[in-house]
Amino acid sequence: MEGYVTVRKGLFSSGAPKPQLICQSTKELVKAGKISTQECNNGISFAMPLEPLAGQEIFETYHGHTLDIAYSVAINVTRGMLSKNLTKTIEFVVELKPLASRRDGSKPITFTIDSEPTEIITTPKQARDKKQPETTPAPTTPGGTVKVSGRIAGDILSISSPFNGELVVENSPVPITSIELQLMRIENCSNTSGTFDKEISEIQNVQMADGDIPRNMVIPLFFIFPRLFCSPSMSSKTFNLDFEVNLIVCLAQGKAPIIKSFPIKVVRA
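Parameters and conventions
Residues numbered from 1 in each chain as written. Predicted model: local features only at pLDDT ≥ 70, side-chain atom pairs only at ≥ 80, totals over all residues. Heavy atoms only, no water. Helix = DSSP H or I, 4+ residues; strand = E, 2+ residues; numbered from the N terminus. Buried < 20%, exposed > 50% of the residue type's maximum accessible area, 1.4 Å probe, protein only. Contact = heavy atoms within 4.5 Å. Areas by Shrake-Rupley, 256 points an atom, 1.4 Å probe, with all protein chains shown as cover. Core = buried A, V, L, I, M, F, W, Y, C linked by side-chain atoms within 4.5 Å. Pairing = 2+ DSSP bridges. Axes fitted to C-alpha atoms, helices over the stretch in contact; angles between N-to-C directions. Salt bridge = Lys/Arg side-chain N within 4 Å of Asp/Glu carboxyl O. Phe/Tyr/Trp six-rings, centres within 6.5 Å; stacked < 30°, edge-to-face > 60°. Lys, Arg positive; Asp, Glu negative; His and termini not counted. Polar contact = N/O pair within 3.5 Å; in protein donor to acceptor, adjacent residues only side chain to side chain.

(A) Structural view of the overall build of the protein chain. Regarding its fold elements, the protein chain presents 2 helices and 17 strands. Within the protein chain, the fraction of its 269 residues that count as buried is 36%. Across the protein chain, the fraction of contacts at a sequence separation of at least 24, relative to all contacts at a separation of at least 6, is 66%. About 15700 Å² of surface is accessible on the protein chain, with carbon and sulfur atoms providing 53% of the total.

(B) Structural context of the nonpolar core. Within the largest apolar cluster, 49 residues are counted, with the highest numbers of intra-cluster contacts made by F163, L167, I179 and F225. In terms of residues, this core owes the most to one element, strand 16 (residues 239-251), which gives 7 residues. For I179, the contacting residues outside a window of four places in its chain are L167, V169, V206, Q207, M208, A209, I213, I219, L247 and I248.

(C) A look at the sheet that holds strand 6 (residues 109-115). Strands sit in the order 6-9-11-14 across an open sheet of 4 strands; the sheet is antiparallel. A single partner strand is all that each edge strand has here, and the edge strands are strand 6 and strand 14 (218-223). For this sheet, the mean angle separating the axes of adjacent strands, direction not counted, is 20 degrees. By the bridge criterion, 7 bridges tie strand 6 to strand 9 (residues 146-152) in an arrangement that is antiparallel. Looking at strand 9, one finds that I113 is bridged to V148.

(D) Here's a closer look at the environment of G64. Secondary-structure assignment places G64 in the loop between strand 3 (62-63) and strand 4 (67-77). On the accessibility criterion, G64 (11% relative accessible area) is buried. Sequence separation of G64 and V7 is 57 residues, and the distance between their C-alpha atoms is 9.4 Å. Leave out the neighbours within four places in its chain, and G64 touches R8, R185 and E187.

(E) Local environment of unusual backbone geometry. Positive phi values are uncommon outside glycine, yet N216 reaches one of about 65 degrees. With a phi angle near 75 degrees, L228 is a residue other than glycine that sits in the positive phi range. According to the relative accessible area criterion, L228 is partly exposed, its value standing at 29%.

(F) Quick peek at the pairing of strand 1 (residues 2-7). The alternating pattern of strand 1 places G3, V5 and V7 on a buried face and E2, Y4 and T6 on a face that is not buried. Of the pairings in the sheet, the one linking strand 1 to strand 4 comprises 6 bridges and is antiparallel in character. Bridging from a neighbouring strand, Y4 pairs with A70 of strand 4. Direction of pairing for strand 1 relative to strand 2 (residues 20-24): antiparallel, over a ladder of 4 bridges. Counterpart to Y4 in the pairing with strand 2 is L21.

(G) How the structure looks around the pattern of salt bridges. Within the structure shown, the criterion is met by 8 salt bridges. Here K31 makes a salt bridge to E28, at a shortest N to O gap of 3.7 Å. We classify K31 as exposed; its relative accessible area is 64%. Under the relative-accessibility criterion, E28 is labelled exposed at 56%. If you follow the salt bridges from partner to partner, you end up with E60, E95, R227 and R268 in one network.

(H) Highlighting the packing of aromatic side chains. Overall, the coordinates contain 5 aromatic pairs when judged by the stated rule. Their ring planes at 65 degrees and their centres at 5.2 Å tell us that F59 and F239 sit as a pair that is edge-to-face. You can see F59 sitting in the loop between helix 1 (37-42) and strand 3 and its partner F239 sitting in strand 16, a full 180 residues away along the chain. Take F239: its relative accessible area is 1%, and that puts it in the buried class. Through a chain of ring-to-ring contacts, three or more aromatic side chains come together here, namely F163, F223 and F225.

(I) Seen up close, the side chain of R185. With respect to the secondary-structure elements, R185 resides in strand 12 (residues 176-190). One buried charged side chain, R185, makes no salt bridge at all; its nearest oppositely charged neighbour is E187, positioned 4.5 Å away. Polar side-chain contacts of R185 include one of 2.8 Å to the side chain of S201.

Quick look at the structure:
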């Protein structure tokens, strides 16, 4: 049985470090000789303690953009000289024991967005280089600013519970086309030069509302944290894993979307 922390190569200018072994153990299930018919029919039960190596720590299973934490068990059947050995490797998922105290100190987040619409300007060079377009202030739009207010349940969230909150669109001088929640992961991983490289990528984007929604109507915010691609926030000597949620208000008439970011801590509670 083995567990590794792996940083994918080719994503960092200074190179990715070698996979980090965090746990390893071996156990003999059947001594040399023939396996009995009863063992073949009923199977061979086994159990192994999941313990970290000296100086290491057990983390939850996680598959990210640059960072992987994976555990696997390999079964090897050694056969005679004229027969090929049998090998099977299976990944298993590790989840830490929930502790309600991990959410201690969580505070509800209240927010207000009050922003002038901006226009998206894409130059031929940006389109050719596939770069993000720039934005510029739009001419004053009759009807005031885009104003959205709401709340999020807390800044420390349990991965086993839904993300939830609500918002109200109080005013918008231009039609709204969509409101979305974007869950982002922030991976800080050490490289071969001893420094950290930061990679921000999207985990999921969930639409909360479609079309030009009525003003002053309460809209619930809700999504489930996806397993494997999301885990509790983690920190070690070689990597840090954090999360944030982007609230995206998409506008019509060529206006740039309005984005507000909320850093969150994810725990298993």
